Amino acid sequence: MKNERRIANTEGIYSLWLNWAISIGALVAVPILSLYMSNFWLPLSTLLIESLLYFVIRFNSISKVPTCMRLPYLAMLTLFWSSLMMSIINIMFLQPDIAKIFWNNQQNNVILYIAILIISPIMVIVAMYNLRLGNNSSICVDCQAHNGVVSERGFLGSLYSQEGYYLTKLFLIFGFILSIISWLYYIIFYINTNINDIDRFVFVWLFVIFYVVSLIYLILRYFTLWLYYCQTIDGQSLRYNSSSYIRFIIMCGDYIFLNTPDANKDDITIDDNRIDTPARLYIQYKEQITNQDASMYFNEMSGISNADIRFLYENTNFNTECNIFHYAYIVDDFEVINQSRLVGDWYTLPQIKKLVSENRLSIKFVSELERLYKVVISWKSYDKRGYRLYNIKNYKPTFRLCDFKNWNVDFNDISWLFVSSNNEDRLFFRIRKFWNKYICGVCIIK
């Protein structure tokens, strides 16, 4: 298991460079194709390249070792909108009266448009919008639903989050520089009669040169990062690589039992010194854990026998430092926990909310609570397709921990996370649903 996770982490680092190479390479292919293909057929070729990226994203979501698809997603959207824009221009040229309005009788019927002038501004727009959405973009929501949030994925979770943001900014800068150069040259120097050697260099080969330089820069960046991983991170996480991690959320009424650990200089992560559930432990790696096993481990920690443990959800992909199993334990009397071996205090949701604002809570615990909230609110408000259960727009049900025993919902079902991000109360719900399923291939609500 150690070797499998080490290989997965190494492949994860390499995949960042590979996904950049594939994504930008797909964009570079369009201006190159424009040299050998008429503008009439170029939109179709662009859409075919876009469909290849669509299948790359879809296959990645079912892969045993999924990687960060943020760059292929940006490139796919860029190609889709570019293809649409090219098609609109082609249609406009088929209508002479419309063409005269926009081109004032100066249009070239052979060179209807120049690909880079369309692609580069769309790169900028797509990247800016994605940066604005952050982790709420469709591709990130899909990734978190399938693979867990950053805190649950260890080293690669942090790497993908950091480098996904960095590469998106690089994608934006890439598009911005190309837009400025190509459009300034087009406005000042280009003569709309043909494409000469200088035109080809600016509109095609400059993009290729930037692409090659970026590949060299990024392979050096990720080789350095891989060396850092081998020398530092890999050594620190050895104690987790052949382990499974079990976590129990303990609740009584509207209270949750939490513990503030003593500072320990041997702690590896910041989370080790934050307020968290005291009922958590590492065990020898297991692919699956039954409720009976979980109850036995809980008994060993707390001294409470025959505990009625409820399974919540699991994170079991090879991109994590260890697979994580999340459980809940509900008691009717505070004294059951107070007289156990567990040490901590009882907190209400308002108190927990205050701790979150003060950044004092374990990131893993916050992620667990957020998942509980999203799943319960979605389950109470919508069906699995995202349609309202009640004919009340923007209906917000109550979320009370004392009702936990009555929540007959599968917290391990990621469909509820997709419903939480896109449902009938969201603007353009049906368009979003169609877009995610058939255009982007992510956040698919069955």
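In this text, all values refer to a predicted model and were calculated from it rather than measured experimentally. (Residues numbered from 1 in each chain as written. Predicted model: local features only at pLDDT ≥ 70, side-chain atom pairs only at ≥ 80, totals over all residues. Heavy atoms only, no water.)

What to know about the overall build of the chain
And step 1. The helix and strand tally for the chain stands at 15 helices and 6 strands.
And step 2. Looking at the 446 residues of the chain, the share that counts as buried comes to 50%.
And step 3. As displayed, the chain has an accessible area near 22,500 Å², and 59% of this comes from carbon and sulfur atoms. (Helix = DSSP H or I, 4+ residues; strand = E, 2+ residues; numbered from the N terminus. Buried < 20%, exposed > 50% of the residue type's maximum accessible area, 1.4 Å probe, protein only. Areas by Shrake-Rupley, 256 points an atom, 1.4 Å probe, with all protein chains shown as cover.)

So, the pairing of strand E1 (residues 243-252)
And step 1. Of all the 10 residues making up E1, 10 are buried; the element is thus mostly covered by neighbouring parts of the structure.
And step 2. Burial along E1 is two-sided: Ser243, Tyr245, Arg247, Ile249 and Met251 facing one way and Ser244, Ile246, Phe248, Ile250 and Cys252 facing the other are all buried.
And step 3. Note: E1 against strand E3 (residues 280-284), 5 bridges, orientation antiparallel. Residue pairing in the sheet places isoleucine 246 in a bridge with leucine 281 of E3.
And step 4. Alignment of E1 against strand E5 (residues 323-330), held across 8 bridges, turns out to be parallel. (Pairing = 2+ DSSP bridges.)

Some thoughts on the packing of aromatic side chains
And step 1. Going through the model one piece at a time under the given rule, you end up with 31 aromatic pairs.
And step 2. Ring centres 5.4 Å apart and planes at 85° place the aromatic pair tyrosine 255 and phenylalanine 334 in the edge-to-face group. Residue tyrosine 255 is found in strand E2 (residues 255-258), and its partner phenylalanine 334 is found in helix H11 (residues 334-338); the two are separated by 79 residues along the sequence.
And step 3. According to the relative accessible area criterion, tyrosine 255 is partly exposed, its value standing at 33%.
And step 4. One aromatic cluster is present, formed by Trp183, Tyr185, Tyr186, Phe189, Tyr190 and Phe203 through successive ring pairs.
And step 5. In this structure, arginine 221 packs its charged tip against the face of tyrosine 166, placed 3.8 Å from the ring centre.
And step 6. Positioned over the ring face of tyrosine 313 is arginine 371, at 4.0 Å from the centre of the ring. (Phe/Tyr/Trp six-rings, centres within 6.5 Å; stacked < 30°, edge-to-face > 60°. Lys NZ or Arg CZ within 6 Å of the ring centre and 35° of its normal.)

Examining the pattern of salt bridges
And step 1. Taken as a whole and assessed by the stated rule, the structure comprises 14 salt bridges.
And step 2. Of the charged contacts, one joins aspartate 383 and arginine 385 as a salt bridge, the two residues approaching to 3.5 Å between their closest N and O atoms.
And step 3. Residues glutamate 424 and arginine 430 are paired through a salt bridge, measuring 3.8 Å at the closest nitrogen-oxygen approach.
And step 4. Using a relative accessible area of 51% as the deciding quantity, one classes arginine 430 as exposed.
And step 5. Several salt bridges converge on common partners, so that one network encompasses Arg247, Asp276, Arg280 and Glu368. (Salt bridge = Lys/Arg side-chain N within 4 Å of Asp/Glu carboxyl O.)

Here's the deal with the packing of helix H5 (residues 115-133) against helix H7 (residues 154-188)
And step 1. Axis separation between H5 and H7 bottoms out at 8 Å; the angle between their running directions is 150°. When the interaxial angle is binned, H5 and H7 end up roughly antiparallel. Relative to H7, the crossing made by H5 is left-handed.
And step 2. When grouped by side-chain class, the residues that make up the contact of H5 with H7 number 16 nonpolar, 6 polar and 1 charged. (Axes fitted to C-alpha atoms, helices over the stretch in contact; angles between N-to-C directions. Parallel < 35°, antiparallel > 145°, perpendicular 65-115°, else oblique. Left-handed = near helix turned anticlockwise from the far one by under 90°. Nonpolar A, V, L, I, M, F, W, Y, C, P; charged D, E, K, R; others polar.)

Structural notes on the environment of glycine 154
And step 1. Locating glycine 154 in the fold gives a position in helix H7.
And step 2. The buried category is assigned to glycine 154, whose relative accessible area is 18%.
And step 3. Measuring from C-alpha to C-alpha, the distance between glycine 154 and cysteine 322 comes to 8.1 Å, with 168 residues separating the pair along the chain.

Looking at unusual backbone geometry
And step 1. Even without a glycine there, the phi angle at asparagine 394 is positive, about 60°.
And step 2. Among the structural elements, asparagine 394 can be located in the loop between helix H13 (363-381) and helix H14 (415-421).
And step 3. For phenylalanine 428, which is not glycine, the phi torsion reads 60° and is therefore positive.
And step 4. Of note, phenylalanine 428 is situated in the loop between H14 and helix H15 (429-440).
And step 5. Taking relative accessible area as the criterion, phenylalanine 428 reaches 52% and is therefore assigned exposed.

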